Amino acid sequence: MKISRQTIILLILAAVFYALVKCLQLTGVLSQYWQLVLDQALVTVIGALGLSLIYGFTGQFSLGHAAFYGLGAYTAGVIDKVYGNGSILFFFISILAGALLAGLVALIIGLPILRLRSDYLGIATLGFGIIVRVGMENANKVIPVLGGATGMSGTPQTANFDLIFVLVLVVILLVRNFIFSTYGRACTSIREDEIAADLMGIDTTRYKVLSFVLGCALAGLAGGIYAHRYPFLHPASFDFLKSFDFLLIVVLGGLGSMTGTIFTAIGWGFLLEVLRAVLGENFIDWRGVIYALILIVAIILRPQGLFSGKELGLLLPRPLPLTTTSGKERTHAGTGN
Amino acid sequence: MPVLEIKALSKNFGGLKAVNNFQLELEEGEIVGLIGPNGAGKTTVFNLITGIYVPTGGSIMFGGEQINGLPPFRICQRGIARTFQNIRLFKENSVLDNVRAVFHPRVRYNLLDAFLRSPRYNAEEERILAESMELLATLNLADRANQKASSLPYGDQRRLEIARSLASRPKLLLLDEPAAGMNPGEVSRMVDLVRMIKEKFNLTVLLIEHQMGMVMNLCERLVVMDFGQIIATGTPAEIRDNPVVLEAYLGKGATVA
């Protein structure tokens, strides 16, 4: 198998980033608290890339991403809590189970709804998010170990920075490979013009469902990892505000840009913690105001998002060996609307 | 056997008979023009053939098989491609990706190959790239391959639409006003282009056009529609002198000056 130069550079940069974090850890600059922030930001990258696939690349608007994140978290958490022994094997089994369940549920929701055009998915996923939240709050009445409204704890905290970092890297590479394949091109053509894509021989329902299932499975995967890095799962962590978090990251980063999603997800995680440090206890009250302000400012200053449609060269396929290039723009998967 | 055989085709929108008792047979290699005043139902016929609308009545046979009722992507995969009156490119994608996306149904690697970038993925991607670039070169767009589709000038966008439809390897090409908004020089280049691709790709072409220069030059046979019905058929010369056609376009009492 040929490994492209871009991939090698990407891996080298990842190694440098890894070494840097390790240095900060060893010198004690990175406290345990900020390590946790970083780890969770990386988990968010995985979930946000899922939504990026659904909304940024396929143009399907989902308002219930956190529900799938929560499904993955609870599934993985409960499997490892009940059957696991804290080993790495059970970590992988449980997070894969979380991803699979989230993907399966997405398939069941997506199949009927994604036959329709336009924004029905947004409404359906919004409703689904509420169902999941209510379900989580009352889950202890059926399965006591889930804890219901009081939350669930006791999942082995197997995940650490090393593990999460490798998983993020793998997910980034897989998503990149998907986007720059014929499947990714089918998805972006649906985003650009669904009717034209249909008329050009692309089974639009199939690829909308595929991207929705993959994206939700990534949310489930992220949730599963989260359950292994944060000891306490609570329904409130997976409500509409969390879905809004993901949406904000994808839109702010720029639709149709993996780079934007990745950087914004990490930046967003740190920004929230900085605000929490500055505002102290008021943070919870002010959160809604700050979200709204950030969105308004972003839309005024940069409506197309930070990286709209642009990717770091590292994430792109090899540039074309063209004799004449009259355009400045390079091949990329393009922006959203 | 005709490539396309349409019998008693009709489409109603509520009480409006947009297409009524429409008949058409296309022989292989023909270039046939579909003309008529605005609102005559020409684009509706295209939408019926390509599966955007399901016919109210009648049948559409393509290559001897009935295709009405199939979803648009299946009809395209069987070999009917089209362009649009108001250009519908994948605007934000590169020119190259506009063409490459259409290769999708014939790509011979699966999802796993894509995720792992297997040798099969690499080989297929190379083939798709080479064939797409060849297609772009045929339509004189090769040096624009990396540009955003929406950044192209109007004429190039029209040609890109044709390139994109050719990427699906059609037997029948439906062109919806390919020369709309073009000046006489551009129109004559478009005539040459349509002739060239027809020969090169062994196409049968059905085209809607208002530019009479183009229609008269290019088409072997014309079908004239008005109010959803066929009012005349014949060679361009016959149509030019047909009083019914003149009446439809210009009103009663008109004569050729």
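No experiment lies behind these values; they were computed from the predicted model shown. (Residues numbered from 1 in each chain as written. Chains lettered and ligands numbered in written order. Predicted model: local features only at pLDDT ≥ 70, side-chain atom pairs only at ≥ 80, totals over all residues.)

Here's the deal with the environment of Tyr226 of chain A
Residue and element names in this part refer to chain A. Take Tyr226: it is sitting in helix H9 (residues 204-227). Taking the C-alpha atoms as reference points, Tyr226 and Tyr74, separated by 152 residues in sequence, lie 9.7 Å from one another. With residues near it in sequence (within four places) discarded, Tyr226 still touches Gln40, Val43 and Ala73. (Helix = DSSP H or I, 4+ residues; strand = E, 2+ residues; numbered from the N terminus. Contact = placed C-beta atoms within 7 Å.)

Looking at the packing of helix H3 (residues 65-82) of chain A against helix H5 (residues 120-137) of chain A
Residues and elements named next belong to chain A. Two numbers describe how H3 lies on H5: the axes approach to 8 Å, and their chain directions differ by 30°. One way to sum up the angle between H3 and H5 is to call them roughly parallel. Once H3 is placed against H5, the crossing between them reads as left-handed. Counting all contacts with H3, which are made through Ala66, Ala67, Gly70, Leu71 and Tyr74, the residues of H5 involved are Phe128, Gly129, Val132 and Met136. Taken together, the residues of the contact of H3 with H5 break down into seven nonpolar, two polar and no charged. (Axes fitted to C-alpha atoms, helices over the stretch in contact; angles between N-to-C directions. Parallel < 35°, antiparallel > 145°, perpendicular 65-115°, else oblique. Left-handed = near helix turned anticlockwise from the far one by under 90°. Nonpolar A, V, L, I, M, F, W, Y, C, P; charged D, E, K, R; others polar.)

Regarding the confidence of the model for chain A
Model confidence for chain A is summarised by a mean pLDDT of 88, while 93% of its residues fall at 70 or above. The least confident element of chain A, judged by mean pLDDT, is helix H12 (residues 283-301) of chain A at 81; the most confident is H9 of chain A at 97. (pLDDT = per-residue confidence, 0-100.)

A closer look at the nonpolar core
The biggest cluster of nonpolar side chains holds 162 residues, and the ones touching the most others in it are Ile46 and Ala102 of chain A together with Ala163 of chain B. Not counting residues within four places of it along the chain, the set of residues in contact with Ile46 of chain A comprises Leu167, Val168, Val171, Leu218, Leu221 and Ala222 of chain A. (Core = buried A, V, L, I, M, F, W, Y, C linked by C-beta atoms within 7 Å. Buried ≥ 20, exposed ≤ 12 C-beta atoms within 10 Å, placed from the backbone.)

Section: the sheet that holds strand E7 (residues 172-176) of chain B
Residues and elements named next belong to chain B. Spatially, E6-E7-E8-E3-E9-E10 is the arrangement adopted by the six strands of the open sheet, whose pairing is mixed. Every interior strand has two partners, whereas the edge strands, strand E6 (80-82) and strand E10 (229-234), have only one. This sheet shows a mean twist of 20° between the axes of neighbouring strands, independent of strand direction. In the sheet, strand E3 (residues 31-35) pairs with strand E9 (residues 221-226) via four bridges, with the strands oriented parallel. (Pairing = 2+ DSSP bridges.)

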